[in-house]
Amino acid sequence: MGEVELSCRAYVKMYLHACLFPRCSINGLLLSSSSAGGAVCVTDCVPLLHSHLPLAPITQLALTQVDVWCSQTQQRIVGYYQANACISDSSPTPCALKVADKIAEQFDNAVLLMLDGSKMSPDYRVPPIVMYERKDSRWILKDKHMIMLRQWEETRSIAGQMLESGDHALLVDFDSHLDDITKDWTNQKLNTKIAELASPANGNI
């Protein structure tokens, strides 16, 4: 498996999801709108849950709905992300491995990304992520030199600005949508806000 590139939008939304529910485990799906061979370009993410992560029926419902939406918007599910409630623990849980395995059945180069809660402060100099890839039916740590986050300084700055201004409250995960179905789990408002803050020179937002 080759490089994995993480867009500004995907990282910022994962980061804000974890910040919105700081005492909870959170998870979500990684999406790609790129069909380029070789590198996996994660262009967006869908925040899923902030409670009862191992609850299979809700996860299955979310996967099905996101899959349908992806087919309508020329995207595909390419991975899974999670942050554990215990900030010192960034190891994949059985739930994380199970969902990631399911995604890997549909996409060979699927990635499993864990957010490292101990390094989540806005001024931390490197992306607080630990990434795994699947080899021989096992998830193993991916070489960090194969993980690319272009314009990291700007991405980090946007995440910090949105947290400071309270814009992270705009984020809707699938859990919140199930509580109030008028809430948009595709997060179009949040996407627009991130796009406004990102410089046009970034290319893929």
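Refer to the preceding data block for the structure.
Below or above, wherever it landed, is the structure these notes cover. Please read all numbers here as calculations on a predicted model, not as lab measurements.

1. With respect to the sheet that holds strand E7 (residues 129–135)
Then, in step 1: What the six strands build is an open sheet, ordered E4-E2-E5-E6-E7-E8; its pairing is mixed. Two strands bound the open sheet, and with one partner strand each, they are strand E4 (44–49) and strand E8 (138–141). The average undirected angle you get between the axes of adjacent strands in this sheet is 30°.
Then, in step 2: Sheet topology note: the E7/E8 ladder contains four bridges and is antiparallel. Within E8, the position partnered with Lys-135 by the bridge is Arg-138.

2. Some thoughts on the environment of Ile-194
Then, in step 1: Within the fold, Ile-194 resides in helix H6 (residues 188–197).
Then, in step 2: For Ile-194, a relative accessible area of 0% corresponds to the buried category.
Then, in step 3: Taking the C-alpha atoms as reference, Ile-194 lies 8.2 Å from Cys-8; in sequence the two are 186 residues apart.

3. Some thoughts on the packing of helix H1 (residues 8–20) against H6
Then, in step 1: Interhelical geometry of H1 versus H6 gives an angle of 120° and a closest axis separation of 10 Å. Between H1 and H6, the angle is such that the two are oblique. Classified by chirality, the crossing of H6 by H1 is right-handed. Facing H1, whose interface residues are Cys-8, Arg-9, Val-12, Lys-13 and Leu-16, H6 presents Leu-190, Asn-191 and Ile-194.
Then, in step 2: Looking at the contact of H1 with H6, its residues break down into five nonpolar, one polar and two charged.

4. With respect to the nonpolar core
Burial of nonpolar side chains together is a common tendency in soluble globular proteins.
Then, in step 1: Ranked by internal contacts, the top residues of the largest apolar core, which has 64 residues, are Leu-6, Leu-29, Leu-30, Val-66, Leu-113 and Leu-115.
Then, in step 2: Considering every element that reaches this core, the biggest residue donor is H1, with nine residues.
Then, in step 3: The contact partners of Leu-115, leaving out residues within four places of it in the chain, are Met-14, Ala-18, Ile-26, Tyr-81, Gln-82, Ala-83, Ser-90, Met-120, Pro-128 and Ile-129.

5. Quick notes on the sheet that holds strand E1 (residues 4–6)
Sheets are built from strands that pair by backbone hydrogen bonding, the pairs being arranged parallel or antiparallel.
Then, in step 1: With parallel pairing, three strands are arranged side by side in an open sheet as E3-E1-E9. Each edge of the open sheet carries a strand with a single partner, namely strand E3 (40–42) and strand E9 (147–148).
Then, in step 2: With three bridges connecting them, E1 and E3 associate as parallel partners. Counted as the bridge partner of Leu-6 is Val-42 from E3.

6. Focus on helix H3 (residues 94–106)
Each turn of an α-helix holds 3.6 residues, which means side chains three or four residues apart point in the same direction.
Then, in step 1: The end-to-end C-alpha distance of H3 is 19 Å, a good match for the 18 Å that 13 residues give at a rise of 1.5 Å each.
Then, in step 2: Taken together, the buried positions of H3 are occupied by Cys-95, Ala-96, Val-99, Ala-100, Ile-103 and Ala-104. Down the axis of H3, the sector holding all buried residues measures 165°, keeping them to one side. Turned more than 90 degrees away from the buried face of H3 sit Pro-94, Lys-98 and Glu-105, all of them exposed.
Then, in step 3: As for H3, its buried residues are in contact with strand E2 (26–32), helix H2 (56–72), strand E5 (76–83), strand E6 (111–115), E7 and E8.

7. Looking at the pattern of salt bridges
Then, in step 1: Applying the stated criterion across every chain, the model contains nine salt bridges.
Then, in step 2: Between Lys-13 and Asp-44 there is a salt bridge, with its nearest N and O atoms 2.7 Å apart. With Lys-13 in helix H1 and Asp-44 in strand E4, the pair connects residues that are 31 residues apart, well separated along the chain. Neither Lys-13 nor Asp-44 differs from the other in exposure class; each is buried.
Then, in step 3: Here Arg-134 makes a salt bridge to Asp-101, at a shortest N to O gap of 2.9 Å. A residue pair is termed long-range when its members are at least 10 positions apart, and Arg-134 in strand E7 and Asp-101 in helix H3 qualify at 33 residues.
Then, in step 4: Linked through salt bridges whose partners overlap, the residues forming this network are Arg-9, Lys-13 and Asp-44.

Reading the values: the criteria
- Residues numbered from 1 in each chain as written.
- Predicted model: local features only at pLDDT ≥ 70, side-chain atom pairs only at ≥ 80, totals over all residues.
- Heavy atoms only, no water.
- Pairing = 2+ DSSP bridges.
- Helix = DSSP H or I, 4+ residues; strand = E, 2+ residues; numbered from the N terminus.
- Axes fitted to C-alpha atoms, helices over the stretch in contact; angles between N-to-C directions.
- Buried < 20%, exposed > 50% of the residue type's maximum accessible area, 1.4 Å probe, protein only.
- Parallel < 35°, antiparallel > 145°, perpendicular 65-115°, else oblique.
- Left-handed = near helix turned anticlockwise from the far one by under 90°.
- Contact = heavy atoms within 4.5 Å.
- Nonpolar A, V, L, I, M, F, W, Y, C, P; charged D, E, K, R; others polar.
- Core = buried A, V, L, I, M, F, W, Y, C linked by side-chain atoms within 4.5 Å.
- Expected span 1.5 Å × (residues − 1).
- Arc of directions from axis to C-beta.
- Salt bridge = Lys/Arg side-chain N within 4 Å of Asp/Glu carboxyl O.

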